[in-house]
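Here is what each chain is made of, one letter per residue.
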Amino acid sequence: MLYYNIMLFPNPQHDHAHCTADLIARAEFTCARRGSKLTHQRRDVLACVARSHAAVGAYDIIDRMAEHGTRPAPITVYRALEFLEAHGLIHKIESRNAFVACSHSHDGLPAALLICEICGTVAELDAGAVTAQLSLAAAAQGFRAAHTVIEMAGTCGACAGGA
Ligand SMILES: [Zn+2]
Ligand SMILES: [Zn+2]
Ligand SMILES: [Zn+2]
């Protein structure tokens, strides 16, 4: 399924507090459903990743956490990031070694990440069909795909000066 009409990049003037509240609610729901614990620290890491829709590196996340508490050890932050990624609440951007909050619930279905090289904003496209096609082409080569990453770098509409 392709979205041509729904704008996936957030409007720069949008109410971001709403995004954060939605994501924290989703985190609570997901953890409760899976019987895992959204500890204070995991929630804090999630809130720090989700401060904007731009990709953020682990050390910037640590800096954000240190602004309102003691500076966490990197290993605890990496563990929390792994937990959040496993629960589909954040995505790792492999090409940048950075993280972004998941902007929509896609129940583990693959998403292609569109990364703006100017403002860092990341949007997600449903990539289920594309990934299935790639896996079939790989299978024809006798290759068994285990993990597929689709990332596109470019310029978002707002940075390009488009409407
Ligand atoms: Zn937002
Ligand atoms: Zn996502
Ligand atoms: Zn941009």
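The structure displayed is predicted, hence computed values, not measured ones.

A. Examining the overall build of the protein more closely. Helix and strand content of the protein: five helices and five strands. Secondary structure elements of the protein occur, N-terminal to C-terminal, as α-α-α-α-β-β-β-β-α-β. For 163 residues, the compact-globule estimate of 2.2 N^0.38 gives 15 Å, and the protein sits close to it at 17 Å. Overall, the protein is about 50 × 40 × 25 Å in size when its C-alpha atoms are taken along their principal axes. When the 163 residues of the protein are sorted by exposure, 24% land in the buried category. Excluding contacts between residues fewer than 6 apart, the proportion of contacts in the protein whose partners are at least 24 apart in sequence is 53%.

B. The nonpolar core, seen in detail. Counting 32 residues, the largest nonpolar core has V45, L46, V49, I90 and F99 as its most contacted members. Taken together, the elements giving at least two residues each to this core come down to helix 1 (16-34), helix 2 (40-49), helix 3 (58-66), helix 4 (74-86), strand 1 (90-93), strand 2 (98-101), strand 3 (111-116) and strand 4 (122-126). Looking at this core element by element, the count peaks at five residues for helix 4. Not counting residues up to four positions away in its chain, the partners in contact with L46 are L23, I24, A27, L84, L89 and I90.

C. Layout of the sheet that holds strand 5 (residues 151-154). Reading across the sheet, the three strands line up as 4-3-5 and stay open at both edges, with mixed pairing between neighbours. Each end of this open sheet is capped by a strand with a single partner; those strands are strand 4 and strand 5. Between one strand axis and the next, the sheet turns through 25° on average, direction left out of account. Here five bridges tie strand 3 to strand 4, and the two strands are oriented antiparallel to one another. Bridged to L114 within strand 4 is A123.

D. Spotlight on the packing of helix 3 against helix 4. It is the contact of helix 3 with helix 4, at a shortest axis distance of 10 Å, that shows an interaxial angle of 110°. The angle between the axes of helix 3 and helix 4 places the two elements in the roughly perpendicular class. Only P74, V77, Y78 and L81 of helix 4 make contact with helix 3, whose side of the interface consists of A58, I61 and I62. Its residues placed into classes, the contact of helix 3 with helix 4 shows seven nonpolar, no polar and no charged.

Criteria and cut-off values
Residues numbered from 1 in each chain as written. Chains lettered and ligands numbered in written order. Predicted model: local features only at pLDDT ≥ 70, side-chain atom pairs only at ≥ 80, totals over all residues. Helix = DSSP H or I, 4+ residues; strand = E, 2+ residues; numbered from the N terminus. Rg over C-alpha atoms; globule rule 2.2 N^0.38 Å. Buried ≥ 20, exposed ≤ 12 C-beta atoms within 10 Å, placed from the backbone. Contact = placed C-beta atoms within 7 Å. Core = buried A, V, L, I, M, F, W, Y, C linked by C-beta atoms within 7 Å. Pairing = 2+ DSSP bridges. Axes fitted to C-alpha atoms, helices over the stretch in contact; angles between N-to-C directions. Parallel < 35°, antiparallel > 145°, perpendicular 65-115°, else oblique. Nonpolar A, V, L, I, M, F, W, Y, C, P; charged D, E, K, R; others polar.

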